[in-house]
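Now for the letters of each chain:
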Amino acid sequence: MFLSELREKHQIDDAVFLVDGAPWLQAACHRHELRFQHITHGNRNAVERVFGKIKRRTSQFSNTFSHAEPSTAENWLQAFAFAWDQLSRHHLTQQ
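It should be emphasised that the depicted structure is a prediction, and the values quoted were computed from it without experimental measurement. (Residues numbered from 1 in each chain as written. Predicted model: local features only at pLDDT ≥ 70, side-chain atom pairs only at ≥ 80, totals over all residues. Heavy atoms only, no water.)

### Some details on the overall build of the chain
Here is step 1: Counting its regular elements, the chain contains four helices and two strands.
Here is step 2: Tracing the chain from N to C terminus, the helices and strands come up as α-β-α-β-α-α.
Here is step 3: Considered along the principal axes of its C-alpha atoms, the chain spans approximately 40 × 40 × 25 Å.
Here is step 4: Long-range contacts, defined here as pairs at least 24 residues apart, represent 26% of the contacts in the chain between residues at least 6 apart.
Here is step 5: Counting only carbon and sulfur atoms, one obtains 57% of the accessible surface of the chain, whose full area is about 8200 Å².
Here is step 6: Charged side chains in the chain number 11 positive and 10 negative. The centres of these two groups are separated by 9 Å. (Helix = DSSP H or I, 4+ residues; strand = E, 2+ residues; numbered from the N terminus. Contact = heavy atoms within 4.5 Å. Areas by Shrake-Rupley, 256 points an atom, 1.4 Å probe, with all protein chains shown as cover. Lys, Arg positive; Asp, Glu negative; His and termini not counted. Charge placed at Lys NZ, Arg CZ, Asp CG, Glu CD.)

Take a look at the structure:
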């Protein structure tokens, strides 16, 4: 399902997906006619670290707002996104 949505929403025809030896992942790439390269170490590990951080932070966010009203969490996310955008713009102007 993820790969179907990815293909629908993004231009990935030229993408090469870095995958490990998981046969189910390679089969999914074949089924969706996606190009992939089997890599055991290297850039794939860097990508896995990023996704690991995202997963951990998402879990922490969920735990923090588990008893909050959805509107409270949404307001917090909007404020965070605004602050992050301001910080990013500041860093870009400093370069």
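After that view of the structure, there is still more to cover.
### Here's the deal with unusual backbone geometry
Here is step 1: A positive phi angle, close to 55 degrees, is found at E33, a residue other than glycine.
Here is step 2: Of note, E33 is situated in the loop between α2 (23–31) and β2 (35–38).

### Re the environment of N63
Here is step 1: Relative to the helices and strands, N63 resides in helix α3 (residues 43–64).
Here is step 2: Taking the relative accessible area as the measure of exposure, N63 reaches 55% and is therefore exposed.
Here is step 3: Spatially, the C-alpha atoms of N63 and D13 are 37 Å apart, while their sequence positions differ by 50 residues. (Buried < 20%, exposed > 50% of the residue type's maximum accessible area, 1.4 Å probe, protein only.)

### Thoughts on the nonpolar core
Here is step 1: Within the largest apolar cluster, eight residues are counted, these being L3, L6, I12, F17, V19, A28, C29 and L34.
Here is step 2: Taken together, the elements giving at least two residues each to this core come down to α1 (2–9), β1 (16–19) and α2.
Here is step 3: When residues no more than four places from it in sequence are discounted, the contact partners of I12 are L6, R7, F17 and L34. (Core = buried A, V, L, I, M, F, W, Y, C linked by side-chain atoms within 4.5 Å.)

### Regarding a positive patch on the surface
Here is step 1: Together, R49, K53, R56 and R57 make up a positively charged patch on the protein surface.
Here is step 2: Among the residues examined, R57 registers a relative accessible area of 52% and is labelled exposed. (Patch = residues over 30% accessible without salt bridge, like charges linked within 9 Å, V, L, I, M, F, W, Y side chains within 5 Å. Salt bridge = Lys/Arg side-chain N within 4 Å of Asp/Glu carboxyl O.)

### Here's the deal with a nonpolar patch on the surface
Here is step 1: Where nonpolar side chains cluster on the molecular surface, the patch consists of W76, L77, F80, W84 and L87 and spans about 530 Å² of accessible area.
Here is step 2: A relative accessible area of 39% places W76 in the partly exposed class.

### Regarding the pairing of β1
Here is step 1: Side chains of β1 alternate between two faces, with F17 and V19 buried and V16 and L18 left unburied.
Here is step 2: Where β1 lies against β2, four bridges are found, and the strand directions are parallel. Among the inter-strand pairings, L18 is bridged to a residue of β2, identified as Q37. (Pairing = 2+ DSSP bridges.)

### Quick notes on the packing of aromatic side chains
Here is step 1: Under the defined criterion, the tally for this structure stands at five aromatic pairs.
Here is step 2: When the centroid spacing of 4.6 Å and the interplanar angle of 40 degrees are considered together, the rings of F61 and F65 count as tilted.
Here is step 3: Given a relative accessible area of 24%, F61 falls into the partly exposed group.
Here is step 4: Each ring, one from W76 and one from F80, has its centre 5.3 Å from the other, and the planes form 10 degrees; the classification is stacked. Placement of both W76 and F80 in helix α4 (residues 70–94) is noted, with a separation of four residues, approximately one turn of the helix.
Here is step 5: Put simply, the rings of F61, F65, W76, F80 and W84 touch in pairs and so form one group of aromatic residues. (Phe/Tyr/Trp six-rings, centres within 6.5 Å; stacked < 30°, edge-to-face > 60°.)

Remember that the coordinates give geometry; whether it matters functionally is a separate question.
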